[in-house]
Amino acid sequence: YALVPWCFFFFERARGPQGKLRDLVLLGGVFAWLVYAGGIYPLPHTVLALGCYAVLLSVQQRGLQPLGILALGGLIGVGLAAPKLLPMLDTFAVDPRLIESKERLDLGSLITLLTHPVQPFRARPAPVRPYGWHEWGMYISWTGLGILVLGVVLVDGRRERALKIVGLLLGLLGLGAFHGQAPWPLLHEHVPVFRSQHVPSRFLYPALLMLTLVAAAGLGRLVDRRRRHRWLDPALTVLVCLLAMDVARVAQQPMRDAMWMVPPDIPSGRSFHFEEEPPYHYEKRDWAVWEEKGAERA
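Residues numbered from 1 in each chain as written. Predicted model: local features only at pLDDT ≥ 70, side-chain atom pairs only at ≥ 80, totals over all residues. Heavy atoms only, no water.

1. Focus: the overall build of the protein
Along its length, the protein carries 11 helices and 0 strands. Considering only C-alpha atoms, the protein reaches an extent of 65 × 50 × 45 Å along its principal axes. Put simply, of all contacts in the protein between residues at least 6 apart along the chain, 68% involve residues at least 24 apart. Approximately 18100 Å² of the protein is accessible, and the part contributed by carbon and sulfur atoms is 65%. (Helix = DSSP H or I, 4+ residues; strand = E, 2+ residues; numbered from the N terminus. Contact = heavy atoms within 4.5 Å. Areas by Shrake-Rupley, 256 points an atom, 1.4 Å probe, with all protein chains shown as cover.)

2. What to know about the side chain of Thr-46
Residue placement: Thr-46 occurs in helix α3 (residues 42-61). Judged by relative accessible area, which is 1%, Thr-46 ranks as buried. Among residues more than four places away in sequence, those in contact with Thr-46 are Val-4, Cys-7, Phe-31 and Leu-34. (Buried < 20%, exposed > 50% of the residue type's maximum accessible area, 1.4 Å probe, protein only.)

3. Side note on the pattern of salt bridges
Opposite charge on two side chains makes pairing possible when the charged atoms of those side chains draw close. Using the criterion set out here, one finds 8 salt bridges in the structure. Between Arg-15 and Glu-12 there is a salt bridge, and its shortest N-O distance comes to 2.4 Å. Note that Arg-15 and Glu-12 are positioned in helix α1 (residues 4-15) at a spacing of 3 residues, about one turn of the helix. In this structure Glu-12 comes out as partly exposed when scored by relative accessible area, which is 22%. With a closest N to O distance of 2.7 Å, Asp-246 and Arg-249 form a salt bridge. Of this pair, Asp-246 and Arg-249 both sit in helix α10 (residues 232-258), 3 residues apart, roughly one helical turn. We classify Asp-246 as partly exposed; its relative accessible area is 21%. Three or more residues joined by partner-sharing salt bridges are found here, namely Glu-12, Arg-15 and Arg-159. (Salt bridge = Lys/Arg side-chain N within 4 Å of Asp/Glu carboxyl O.)

The values are spatial; any link to function lies outside them.
In structure tokens, the structure reads:
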């Protein structure tokens, strides 16, 4: 998901008045990077978000230029990713990964996962299931949530309206199967690539990106209109830094707790070989086994 903002960056550069072939190639390069990185969730989410955004821009502009830019970038990405993409598509055509997805998220749990500052690996501050809290928690703080809400309510503009629509649509997808006719069950059932996905909460990552861009546009206009107040730029910089440090402090919790297993001593000097039953195990077994044993005891 760290690559997703770069897709939007190069897309905006490529469709701008100073757009160059280099920006188009870089857009395709990031698409290909997502393929090589194994982005089975980020890649379809990025294509969906950018596709919806390009459609809205084309409607606003009454022209096909945004869709054309996205299509050319996609073709370049397919070409660059072909050594991995084509064998992968051939494999999935023979042996598809189809899975049901009944996960859902209520509004209270959504607010909790965005604002609760205690989010270690096995925490459960909201009654969500299945999976561990690391699949749900994505702390941005009450301050960050407030900034996003103010951006949606107060910031206007043609591009910002398109970003809002895409962000809110992705947010609805992130709530999962809360209704039979909700966006996620319909997308999961009728669009083949999404039939292999079953963690709709991950749509919340690009949703937050879209809404953050709206808030950033609003803050940028505020600074431009208040140029005579020289203290505003430093004040907002401090606010953003403090917010980023707070988010980073909480975000490290699940990663820190996930890296707790101690590897065993493995003799060196042995030739490479396969074993169906590995003789070596972590000194502490991983969380999946721990949860399985806990379920058996229950």
